[in-house]
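Spelled out from the first residue to the last, the chains are:
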2 protein chains.
Amino acid sequence: MKPTLQTVADAVGVSRSTVSNAYSRPDQLSPALREKIHEAARRLGYPGPDPTARSLRRGRVGAIGVLFTSALSYAFTDPYAVLFLRGVAESAERHGSGLLLVPLSEADEQAGIEAVRNAAVDGFCVYCVPASHAALDVTRSRGLPLVAAERPVEPGPDSMYVGIDEAAAARTVGSHLARLGHRRVAIVSDLLVAERRTGPVALDGPADIRYDVDVTRERLRGFAEGLAEGGVGWSDLFLVNAGTNSRAEGARAAGYALDRADRPTAVLAITDLLALGVLDALATRGLGPGRDVSVTGFDDIPEAAAAGLTTIRQPAVEKGAIAGRLLLDPPEDPAARQVLLPTDLVVRASTGPVERK
Amino acid sequence: MKPTLQTVADAVGVSRSTVSNAYSRPDQLSPALREKIHEAARRLGYPGPDPTARSLRRGRVGAIGVLFTSALSYAFTDPYAVLFLRGVAESAERHGSGLLLVPLSEADEQAGIEAVRNAAVDGFCVYCVPASHAALDVTRSRGLPLVAAERPVEPGPDSMYVGIDEAAAARTVGSHLARLGHRRVAIVSDLLVAERRTGPVALDGPADIRYDVDVTRERLRGFAEGLAEGGVGWSDLFLVNAGTNSRAEGARAAGYALDRADRPTAVLAITDLLALGVLDALATRGLGPGRDVSVTGFDDIPEAAAAGLTTIRQPAVEKGAIAGRLLLDPPEDPAARQVLLPTDLVVRASTGPVERK
DNA sequence: TTGAAAGCGATACCAA
DNA sequence: TTGGTATCGCTTTCAA
């Protein structure tokens, strides 16, 4: 039988309350008694108040939940996600809270719902989950503080949110390439369509927005608007869907564009990870980035610099840190609950003027 | 007032038990009543059974805790740690459990202890925590399943453990270099001494083992034994402590060795991350890896291959996955509770024969 | 198939 | 400073 508060109380000959105080409010006790209690606890192998019972009573758990689409392990595969998580972790740590990673399996939606229902947390951080995911409703219904990274989950003046102006940032990429003279342009992105396949897709235009993840849509819209400044129309864009946000699929997706007769002079990837794959695809074909084909990414993960990738820099760690802070200590002022972070276009060697042959 | 089971029960006009059954054992109810209950719950905004209360009653939480030394955010900084975590996450996900990251701050030991005490989990995975850390005792005292990665936390026949033969693996590194003719050798490692500073240190020898983290000690012992095969004695080794296990500190630490008058012909780093830093230091000085100075790492993180680093490959993701599995479903057979994984010496371009000038 | 009652282990208020 | 008592919200026999 595992020892409980009661066990210790009986052993010492005091009440439960007193033992509880010995742990939770040491100053409410005479040092002598406190020591006596701790000593007895040690002797009996009492590990201290049960966290679950304590949480139930206190109404506070001491952990925040982070929701992830796709496999939980994805969190550790995408460098950008890792940076974001790291920021969240820093805030949580400072606050003495743990970080509960909530699996949101793609294959089994019901499992994700259960996971959210069962998550013992004080608040949720939603990161890059498709708006249609049923688990989002469940998350909201938990009635806990909720902060969305990338996109407001619950529209409304007091919903919490930390993100960037995706479209505006993407627009700078588009106009950068437009100014360089690019007219034949391909875009590589995941989540363009519901299916997880890699290959060209046709979309009617930015007006016909059916993408599920707002980030995708907004970036795409930005790309298109920026390129339009150079006269590149929507119909001039060659869209390739990537099955997953990974380097390998980025390379595969790029292949569909690069192997066309009228090869694009620029490939815009919607994430750095995909862009690195695009660079791989160039290398395979003996094409020079920024010379034969310009390539851009988005996020500015550490690898991007080494690869000389032109991309959008956004403060990933800081974004996570802010998300954590909002969650653990929601500001009174509604205006402070919605944070928009700055971004920069970082121009490196992977983009250059289109060659006039 | 937040709705509870009771709220719903009252609304429908049934007892709490019945509502509880509607959620936890749907088959114990007539479909009609069940639907009626769910409908009422929806209407009242009842999010389903409270996870904390449920955990308390059931005695099971549905999450496993992972302990990390140093800042919690370190988990996301070290590529090897990320791989390991990913394995743990995969196992947890398959089991429908969450992953609670437990911060074990270095600065504030008491905070770490509290974090362990408060962690609502069904088991702990201890990863690379110094044996002396007070939180370890607390972890053990929780009386939950406990699996150690890297090193048995609670010695004993039924303690759970997944790791590699650190010393044997390190020995292959040492003898590899010995065979290549290296006699002036430096070792770069974190945790050689208690202080977190970067710089040369003197240790009496592998016999005088005072390192806190067993992994460090074992690898060091292996290095020494392997090198001894070529006649390199302990006193011939130049030891440099790295303040943290990071690329930057690896580079700094390497500087102390590389800038000596009698520059070593080989630098053994105790992790790949440090080794990458050593390579950086070589590059800064215009020295060629494997030519002017041989460099080895340990772990074989993805970046190692690209850098052409000779290193020890160990199955990081699998290690994590096994740790998770042991925790969530401890095998009856005591022998199956201790898993030793295979390792390989991967020879790449960063090591070569010593130049006879 | 449904309900009544007994906890799970702890905390907090209020007296003493 | 210490103790009594009433919960926290749910699950689980055991009867009905």
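Our structure's up above, just so we're on the same page.
Quick summary incoming for the structure in this document. This structure is a prediction, so every number in the text was calculated from the model and none was measured.

This part covers helix α13 (residues 316–328) of chain A. All names here are of chain A. Helix length check: α13, at 13 residues, gives a terminal C-alpha distance of 19 Å against a target of 18 Å (1.5 Å per residue), a fit within 8%. For α13, a buried count of 10 out of 13 residues is recorded, marking the element as mostly surrounded by other parts of the structure. Those residues of α13 lying buried are A316, K319, G320, A321, I322, A323, G324, L326, L327 and L328. Where α13 is buried, its residues meet β1 (63–68), α5 (79–94), β3 (124–127), β4 (146–149), β5 (160–164) and β12 (338–341).

Next up on the list: the pattern of salt bridges. Following the criterion strictly, the structure yields 36 salt bridges over all chains and no others. Residue R348 of chain A is joined to D300 of chain A by a salt bridge in which the shortest nitrogen-to-oxygen separation is 3.1 Å. Residue R348 of chain A is located in the segment after β13 (344–346), and its partner D300 of chain A is located in the loop between β10 (294–296) and α12 (302–306); the two are separated by 48 residues in the primary sequence. Its relative accessible area of 18% is what places R348 of chain A among the buried residues. Measuring nitrogen to oxygen at the nearest pair gives 2.7 Å for the salt bridge that ties D259 of chain B to R285 of chain B. Of the two residues, D259 of chain B sits in the loop between α10 (247–258) and β9 (266–269) while R285 of chain B sits in the loop between α11 (272–284) and β10 (294–296), which places them 26 residues apart along the sequence. With a relative accessible area of 54%, D259 of chain B lands in the exposed category.

Take the interface of chain A and chain B next. Each side of the interface is counted separately: chain A has 38 residues, and chain B has 38 residues. In this assembly, chain A and chain B are joined by 0 salt bridges. At the junction of chain A and chain B, the tally comes to 6 residue pairs in polar contact (both at pLDDT 80 or more). Of all elements in the fold, only α4 (51–58), α5, β2 (98–103) and α6 (109–118) of chain A reach the threshold of two or more residues within the side of chain A that touches chain B. Taken together, the residues that form the side of chain A that touches chain B break down as 19 nonpolar, 12 polar and 7 charged. In the sheet, β2 of chain A pairs with strand β2 (residues 98–102) of chain B via 3 bridges, with the strands oriented antiparallel. From the neighbouring strand, L99 of chain A faces β2 of chain B, where its bridge partner is L101 of chain B.

What counts, and where the lines are drawn
The numbering scheme is per chain: residues are counted from 1 as the chain's sequence reads. To read the labels, note that chains go from A and ligands from 1, taken in the order they are written. Selection of residues for local features in this predicted model requires a pLDDT of at least 70, selection of side-chain atom pairs for listing and counting requires 80 or more, and totals for whole chains, interfaces and linings are taken over all residues. Derived side-chain values reflect all non-hydrogen atoms in the structure, with water molecules and hydrogen atoms excluded from consideration. Runs of E in the DSSP output that reach at least two residues are strands. Runs of H or I that reach at least four are helices, and both are numbered from the N terminus. Expected span, for any helix, means 1.5 Å times one less than how many residues it has. Here's how the labels work: a residue is buried when its accessible area is under 20% of the maximum for its type, exposed when over 50%, partly exposed in between, all with a 1.4 Å probe on protein chains only. Any two residues having at least one pair of non-hydrogen atoms within 4.5 Å are treated as being in contact. What makes a salt bridge here is a side-chain nitrogen of Lys or Arg within 4 Å of a carboxyl oxygen of Asp or Glu, nothing more. For the purposes of these results, a polar contact is taken to be a pair of N or O atoms within 3.5 Å, where, inside protein, one atom must be able to donate a hydrogen and its partner to accept one; residues adjacent in sequence count only when each atom of the pair is a side-chain atom. For this scheme, ten residues count as nonpolar: Ala, Val, Leu, Ile, Met, Phe, Trp, Tyr, Cys and Pro. Four count as charged, namely Asp, Glu, Lys and Arg, and the remainder, Gly too, count as polar. Strand pairing requires that DSSP identify at least two bridges connecting the strands.

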